[in-house]
Amino acid sequence: MTPLVLTTIEVIPRVLLLVVGVLGLIFSIKGRARGVSGLLVAAFAVVLVTTVAGIAWQFVSLNAPSWIRANHLSASDINVIFLAVGVPLDGAAVLSWLLVAIGVVKSGRARAAFAPYPGPVNYYQQPPN
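Residues numbered from 1 in each chain as written. Predicted model: local features only at pLDDT ≥ 70, side-chain atom pairs only at ≥ 80, totals over all residues. Heavy atoms only, no water.

**Considerations on the overall build of the protein chain**
Part 1 of the reasoning: Looking only at helices and strands, the protein chain features four helices and zero strands.
Part 2 of the reasoning: Counted from the first residue to the last, the protein chain has its helices and strands arranged as α-α-α-α.
Part 3 of the reasoning: Each of the 129 residues in the protein chain was classed as buried or not, and the buried ones make up 22%.
Part 4 of the reasoning: Intrachain contacts of the protein chain at a sequence separation of at least 6 include 67% that bridge at least 24 residues.
Part 5 of the reasoning: Just so you have it, the protein chain exposes about 9,300 Å², and 72% of that area is on carbon and sulfur atoms. (Helix = DSSP H or I, 4+ residues; strand = E, 2+ residues; numbered from the N terminus. Buried < 20%, exposed > 50% of the residue type's maximum accessible area, 1.4 Å probe, protein only. Contact = heavy atoms within 4.5 Å. Areas by Shrake-Rupley, 256 points an atom, 1.4 Å probe, with all protein chains shown as cover.)

**Side note on unusual backbone geometry**
Part 1 of the reasoning: Non-glycine residue His-72 carries a positive phi angle of around 55°.
Part 2 of the reasoning: By secondary structure assignment, the location of His-72 is in the loop between helix H3 (64-71) and helix H4 (75-113).

**Quick notes on the environment of Leu-62**
Part 1 of the reasoning: Inspection of the secondary structure assignment puts Leu-62 in the loop between helix H2 (38-60) and H3.
Part 2 of the reasoning: Given a relative accessible area of 27%, Leu-62 falls into the partly exposed group.
Part 3 of the reasoning: When the C-alpha atoms of Leu-62 and Pro-3 are compared, they prove to be 7.1 Å apart, with 59 residues separating the residues in sequence.
Part 4 of the reasoning: Sequence-distant contacts of Leu-62, defined by excluding residues within four places in its chain, comprise Pro-3, Leu-4 and Thr-7.

**Considerations on the side chain of Ser-28**
Part 1 of the reasoning: Considering the arrangement of structural elements, one finds Ser-28 in helix H1 (residues 3-31).
Part 2 of the reasoning: Exposure remark for Ser-28: the relative accessible area of 4% places this residue in the buried category.
Part 3 of the reasoning: A distance of 3.0 Å separates a polar atom in the side chain of Ser-28 from the backbone oxygen of Leu-25.
Part 4 of the reasoning: Excluding residues within four positions of it along the chain, Ser-28 makes contact with Val-36, Leu-40, Val-41 and Phe-44. (Polar contact = N/O pair within 3.5 Å; in protein donor to acceptor, adjacent residues only side chain to side chain.)

**Focus: the confidence of the model for the protein chain**
Part 1 of the reasoning: Confidence in the prediction for the protein chain averages 84 pLDDT; 83% of positions are at 70 or higher.
Part 2 of the reasoning: Taken element by element, the protein chain is modelled with least confidence in H4, mean pLDDT 84, and with most confidence in H2, mean pLDDT 92. (pLDDT = per-residue confidence, 0-100.)

**Some thoughts on the environment of Ser-37**
Part 1 of the reasoning: Looking at where Ser-37 falls in the secondary structure, it is placed in the loop between H1 and H2.
Part 2 of the reasoning: Look at Ser-37 and you get buried, because its relative accessible area is 7%.
Part 3 of the reasoning: For Ser-37, the contacting residues outside a window of four places in its chain are Arg-32, Gly-103, Lys-106 and Ser-107.

**Quick notes on a nonpolar patch on the surface**
Part 1 of the reasoning: A cluster of nonpolar side chains, namely Met-1, Val-5, Leu-6, Ile-9, Ile-12 and Leu-16, defines an oily patch on the protein surface of about 600 Å² accessible area.
Part 2 of the reasoning: With respect to the helices and strands, the residue Ile-12 is situated in helix H1.
Part 3 of the reasoning: Overall, Ile-12 belongs to the partly exposed group, its relative accessible area being 48%. (Patch = residues over 30% accessible without salt bridge, like charges linked within 9 Å, V, L, I, M, F, W, Y side chains within 5 Å. Salt bridge = Lys/Arg side-chain N within 4 Å of Asp/Glu carboxyl O.)

**A closer look at the side chain of Ser-96**
Part 1 of the reasoning: You can see Ser-96 is positioned in helix H4.
Part 2 of the reasoning: Apart from the residues lying within four places of it in its own chain, the contact partners of Ser-96 are Ala-43, Val-46 and Val-47.

**Looking at the packing of aromatic side chains**
Part 1 of the reasoning: Scanning the entire structure with this criterion turns up two aromatic pairs.
Part 2 of the reasoning: Ring centres 6.0 Å apart and planes at 35° place the aromatic pair Trp-57 and Trp-67 in the tilted group. Residue Trp-57 is located in helix H2, and its partner Trp-67 is located in helix H3; the two are separated by 10 residues in the primary sequence.
Part 3 of the reasoning: With a centroid separation of 5.2 Å and 65° between ring planes, the pair formed by Trp-57 and Phe-82 is classed as edge-to-face. On the criterion of sequence distance, the pair formed by Trp-57 in helix H2 and Phe-82 in helix H4 is long-range, its members being 25 residues apart.
Part 4 of the reasoning: Taking the relative accessible area as the measure of exposure, Trp-57 reaches 18% and is therefore buried.
Part 5 of the reasoning: Taken together, the aromatic side chains of Trp-57, Trp-67 and Phe-82 make up a single cluster linked through ring pairs. (Phe/Tyr/Trp six-rings, centres within 6.5 Å; stacked < 30°, edge-to-face > 60°.)

Listed below in structure tokens is the structure:
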């Protein structure tokens, strides 16, 4: 198989993550009216940006052999390039999960703190005459 075919197969899970990110963004934006934390919107936005950047990087990195030949790069130079791209992508992924965790905790507190008290049982009934 060619490198392009292998990369396309490797991208399939990221495309699924992209679909989940779009759905999560849509549901979190709709949920903002019901008190869902804005951190969840931000988290799904970061997931989308990170996923798109990761997919693009996988296809850009297909040209690594030509970079080596054209620029006379060593293996350590290529490692530095991949590290310089991979660390920010992984950092953004960690940030998105952190925002999801904080948003879930925050939205759970808000619902519990502002839940109306139903009152005692039979409170609204009229007393017998």
